[in-house]
Amino acid sequence: MRALCWNGVNDLRVETVADPAILNPKDVILKVRLSTTCGSDLHLIDGLIPTMREGDVLGHEFMGEIVDVGREVTKVKRGDRVVVPSFIACGQCWYCQHDLYSLCDTSHPKPELQEPLLGYPTAGIYAYSHAFGGYAGSHAEYVRVPFADTDCFVVPDGLADEDALFISDAAPTGFMGADFCNIQRGDLVAVWGCGGVGLMAQQGAMILGAERVIAIDQYPERLAKAEAFGAIPLDFTKVDVIDALKELTGGRGPDACIDAVGMEAAGTGLQHAYDRVKQALYMETDRGTALRQAMLAVRKGGTLSILGVYGLMDKFPLGLLMNKGVTVRTAQQHGQAYVPRLLEHALRGELTPAALATHRFSLEDSPTGYHMFKHKEDGCVRAVFAP
Amino acid sequence: MNPVQSDNAIKAAARASVTIGRPADELRTLWLDPGTQSRIWTHFAEVNPLDGRTAEWLARGPAGGEYRWRSEAVEVGPDEIRWSSLDGADVPNTGQLIFRPAPGDRGTELHLEVRFDPPGGVIGEAVSKLFHIVPGEIVRHALYKFRALALTGEIPTTDPQPAARKGGADR
Ligand SMILES: NC(=O)c1ccc[n+]([C@@H]2O[C@H](COP(=O)([O-])OP(=O)(O)OC[C@H]3O[C@@H](n4cnc5c(N)ncnc54)[C@H](O)[C@@H]3O)[C@@H](O)[C@H]2O)c1
Ligand SMILES: [Zn+2]
Ligand SMILES: [Zn+2]
């Protein structure tokens with residue numbers, strides 16, 4: 001089959017590879033209908049995540065049709081149109097049973113690569129380096145999905161492929177970030193980043209009852225999407241974000257701040273320059289401009305919800321959190337806990353994930369899609385591939 | 001004992017623990033199933049169970065080295081299983097698995113220890129050179145595989161899968 005493969009920093013190629021096969025009894029094979037780019041892929045493409053290997057098939061946000069089933073699959077069947085969360089979860093272990101799916105105890109085939117870094121292995125994920133399991137990704141004609149009864153969610157008939165697609169990753173990640181904020185009546189929520197994850201966090205916060213949502217980014221077309229969703233847009237290159245947030249919140253500060261930016265934050269000023277130099281020298285992996293700003297902006301006793309992916313940041317102003325009594329919540333997405341309700345919200349039109357699908361490409365043209373996504377050309381929010 | 005020796009002794013005695021949300025007797029039965037032993041040590045050795053109590057082990061080292069031994073259960077109790085290599089082993093070793101109830105609803109703790117005693121007294125670093133894997137990794141990975149097997153009936157794998165190398169598949 002054909003697949004988009006990682007071959008090194010900024011080197012993506014569509015190549016011919018073997019078809020996936022059922023390896024374990026709870027596996028299915030999916031014929032991919034749609035697969036999309038994620039901000040997390042940019043960290044791989046830019047070489048900030050170690051343990052990628054040349055020839056790895058990329059892609060972890062996808063939906064498709066089941067074409068082959070393992071002998072112990074009982075709930076889903078051949079012909080089902082399904083969406084699959086990006087983290088692979090067994091549904092049986094303590095973590096899965098406590099809705100902490102991205103921490104699954106049993107889905108990582110290469111724990112020895114990850115345990116030295118994190119202390120314990122996490123769940124495996126599609127196409128996110130060998131330290132995260134090394135599973136082949138979805139930017140391909142077919143993809144193998146383990147634990148299909150836990151990880152495949154049938155898409156209801158009334159829902160378009162484009163809507164279901166983002167319920168794989170961007171939507172559950174964003175929604176989880178809003179859920180972390182424990183939103184109460186009158187709460188104001190500020191979201192850094194208006195990519196797929198940030199936009200879905202903004203809609204999530206609205207669904208969960210936020211009084212107001214404030215969206216921060218610098219790209220006009222992304223801010224316009226946030227505004228269309230009902231958020232108040234803030235361009236961090238045009239205003240002093242801290243001042244603007246104080247004004248919008250009557251001096252209190254946002255009750256909750258969500259970081260949907262991650263380690264490649266854009267920014268200005270001295271701290272940003274310091275991060276940039278260290279990252280270029282591989283002395284650290286992270287530029288934490290947005291995260292530091294969110295730590296400063298959040299109200300006393302508020303919540304900081306971190307969705308952006310970080311490596312091992314060495315300069316982290318912990319005192320801001322400690323002295324302000326901030327609650328920090330963070331995780332890789334526990335998608336399986338949210339997908340059923342997100343499918344409902346999307347069916348009712350309360351969640352509109354298809355709005356992220358700004359550009360569509362064939363699999364053969366996927367390298368162009370990544371280029372546009374990475375450089376945010378032509379207002380690209382998510383490039384969608386139809387193999 | 002000088003500090004260097006004691007350090008090596010620790011390295012040669014590999015220990016790891018996991019907690020599995022299942023009752024001890026069920027885990028004990030699964031551990032003693034010959035099919036289980038041949039599946040959970042694959043990162044380290046081929047294990048061929050001869051019967052419920054004895055098995056043949058073949059560990060491969062770097063540069064084609066092969067090390068063989070036969071192991072035999074020396075104690076099979078409700079809370080503890082112990083085994084030992086028999087005379088003539090290329091790398092004599094002993095193993096011990098202890099089951100303990102975990103607190104609350106967390107199931108059972110498994111504590112696994114394997115001690116290697118290579119001929120000539122080389123231990124620690126030497127064991128990792130012998131097998132190309134550090135002793136701690138041998139036991140940790142075996143327990144993780146066992147945990148996956150106990151909870152899901154399968155062991156996670158990506159082998160083989162599509163990749164643009166080695167003729168299109170990763171092995
Ligand atoms: N926790 C999870 O499970 C999970 C899942 C998916 C993605 N992620 C992570 O979430 C982050 C966002 O993902 P995405 O797909 O939306 O990425 P994206 O690249 O599409 O969007 C990131 C946005 O952040 C904006 N940004 C950059 N610097 C900023 C700053 N200083 N202030 C405000 N905004 C800034 C960019 O302009 C961009 O619009 C990434 O780090 C990604 O790795 C995490
Ligand atoms: Zn993602
Ligand atoms: Zn699990």
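Residues numbered from 1 in each chain as written. Chains lettered and ligands numbered in written order. Predicted model: local features only at pLDDT ≥ 70, side-chain atom pairs only at ≥ 80, totals over all residues. Heavy atoms only, no water.

In the nomenclature of an unreviewed UniProt entry, chain B is known as Putative membrane protein of Sphingomonas aerophila.

Chain A goes by Threonine dehydrogenase-like Zn-dependent dehydrogenase in an unreviewed UniProt entry, where it is assigned to Sphingomonas aerophila. The annotation that UniProt attaches to chain A under Cofactor (unreviewed entry) is "Zn(2+)". (UniProt positions renumbered as here; feature names shortened; annotations may be inferred.)

Draft legend 1. Highlighting the coordination of the zinc ion (ligand 3). Residues and elements named next belong to chain A. On the protein side, the zinc ion (ligand 3) has Cys90 (SG), Cys93 (SG), Cys96 (SG) and Cys104 (SG) as donor atoms, found 2.3 to 2.4 Å from it. Around the zinc ion (ligand 3), the four donor atoms sit at angles spanning 101 to 117 degrees, and that spread fits a shape best called tetrahedral. Sequence spacing of the donor residues for the zinc ion (ligand 3), all on one chain, is C-x2-C-x2-C-x7-C. Accessibility assignment for this pair places Cys93 and Cys96 in one class, buried. (Donors = N, O, S within 2.8 Å, 3.2 Å for Na, K, Ca; no water. Tetrahedral: all angles 85-135°; square planar, octahedral: opposite > 155°, others 65-115°. Buried < 20%, exposed > 50% of the residue type's maximum accessible area, 1.4 Å probe, protein only.)

Draft legend 2. Highlighting the interface of chain A and chain B. Taken residue by residue, the interface counts 38 residues in chain A and 27 residues in chain B. Buried surface at the junction of chain A and chain B, summed over both partners, amounts to about 2,600 Å²; 53% is from carbon and sulfur atoms. Three residues stand out in chain A for area buried against chain B, namely Leu23, Asn24 and Thr106 of chain A, and they jointly supply 19% of the buried area on that side. The residue Arg147 of chain B makes a salt bridge to Asp105 of chain A at a minimum N-O spacing of 3.4 Å. Our enumeration of links across chain A and chain B arrives at 14 residue pairs in polar contact (both at pLDDT 80 or more). The set of elements that each furnish at least two residues to the side of chain A that touches chain B consists of strand E4 (56-57) and helix H3 (111-118) of chain A. (Contact = heavy atoms within 4.5 Å. Buried area = accessible area lost by both parts, 1.4 Å probe. Salt bridge = Lys/Arg side-chain N within 4 Å of Asp/Glu carboxyl O. Polar contact = N/O pair within 3.5 Å; in protein donor to acceptor, adjacent residues only side chain to side chain. Helix = DSSP H or I, 4+ residues; strand = E, 2+ residues; numbered from the N terminus.)

Draft legend 3. Seen up close, the coordination of the zinc ion (ligand 2). Residues and elements named next belong to chain A. Looking at the metal site, the zinc ion (ligand 2) is ligated by Cys38 (SG), His60 (NE2) and Asp169 (OD), spaced 1.8 to 2.3 Å from it. Mapped onto the polypeptide sequence, the residues donating to the zinc ion (ligand 2) form the spacing pattern C-x21-H-x108-D. Of this pair, Cys38 sits in the loop between strand E3 (28-36) and helix H1 (39-45) while Asp169 is found in the loop between helix H5 (161-165) and helix H6 (170-179), placing the two residues 131 residues apart along the sequence. Relative accessible area serves as the criterion here: at 4%, Cys38 is assigned to the buried category.

Draft legend 4. View of the pairing of strand E14 (residues 256-259) of chain A. All names here are of chain A. Because side chains alternate across E14, one face comprises the buried residues Ala256 and Ile258, and the other comprises Cys257 and Asp259, equally buried. Summarising the sheet, strand E11 (residues 188-192) and E14 pair through four bridges and their orientation is parallel. Opposite Ala190, over in E14, you have Cys257 as the bridge partner. The pairing of E14 with strand E15 (residues 303-306) spans four bridges and is parallel. By the bridge assignment, Ile258 is partnered in E15 with Ser305. (Pairing = 2+ DSSP bridges.)

Draft legend 5. Up close: the packing of helix H2 (residues 24-32) of chain B against helix H5 (residues 135-152) of chain B. Residue and element names in this part refer to chain B. Direction vectors running N to C along H2 and H5 enclose 115 degrees, while the axes themselves pass 11 Å from each other. For the element pair H2 / H5, the angle class is roughly perpendicular. Crossing hand, H2 versus H5: right-handed. Side by side, H2 and H5 meet where Leu27, Leu30 and Trp31 of the first sit next to Leu143, Phe146, Leu149 and Ala150 of the second. Taken together, the residues of the contact of H2 with H5 break down into seven nonpolar, no polar and no charged. (Axes fitted to C-alpha atoms, helices over the stretch in contact; angles between N-to-C directions. Parallel < 35°, antiparallel > 145°, perpendicular 65-115°, else oblique. Left-handed = near helix turned anticlockwise from the far one by under 90°. Nonpolar A, V, L, I, M, F, W, Y, C, P; charged D, E, K, R; others polar.)

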